[in-house]
Amino acid sequence: MSEESLLLDKLEHICKRVHEDLLKHDIFGNTVTLKVKTSQFQLFTRSCTVTHYSPGIFHAEDIFKVAKTLFTTFLATYTGDDGKEECSREAGGMTTSDI
């Protein structure tokens, strides 16, 4: 199993835990925020606000769909050598049709 697959499995698990917390408190969200910390302790944050869920995003599958898009976009743009990104498009600027 690749490192990316392991990270996506962990991300899916986290999304399920978020869903459980949302269910427990009977709340919804509109923004998914992903924080990635590198082995050099650099922190990167990406977020995406979704508007096509009413009253908001709630299910683990939906949260994971958005989080996975943010994560794979981050991986595609992260150079890793000096902590800088070569990014032509910010993941947080995605429209709902991109997800």
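Residues numbered from 1 in each chain as written. Predicted model: local features only at pLDDT ≥ 70, side-chain atom pairs only at ≥ 80, totals over all residues. Heavy atoms only, no water.

Some points on the nonpolar core
By size, the foremost hydrophobic cluster in this structure holds 20 residues, and its most contacted members are Leu 11, Val 32, Ile 57 and Val 66. Only α1 (3-25), β1 (31-37), β2 (43-49) and α2 (60-77) provide two or more residues apiece to this core. Sorting elements by how many residues they give to this core places α2 first, with seven residues. Aside from chain neighbours lying at most four places away, what touches Val 32 is Arg 46, Ser 47, Cys 48, Ile 57, Ile 63, Val 66, Ala 67 and Leu 70. (Core = buried A, V, L, I, M, F, W, Y, C linked by side-chain atoms within 4.5 Å. Buried < 20%, exposed > 50% of the residue type's maximum accessible area, 1.4 Å probe, protein only. Helix = DSSP H or I, 4+ residues; strand = E, 2+ residues; numbered from the N terminus. Contact = heavy atoms within 4.5 Å.)

Points about the confidence of the model for the chain
Considering every residue of the chain, the mean pLDDT works out to 81; 81% of them sit at 70 or more. Contacts of residues 82-99 to residues separated by more than four positions or lying in other chains number 35 contacts, the stretch itself having pLDDT below 50. (pLDDT = per-residue confidence, 0-100.)

Re the side chain of Thr 38
Tracing the backbone shows Thr 38 in the loop between β1 and β2. Given a relative accessible area of 12%, Thr 38 falls into the buried group. Sequence-distant contacts of Thr 38, defined by excluding residues within four places in its chain, comprise Phe 44 and Tyr 78.

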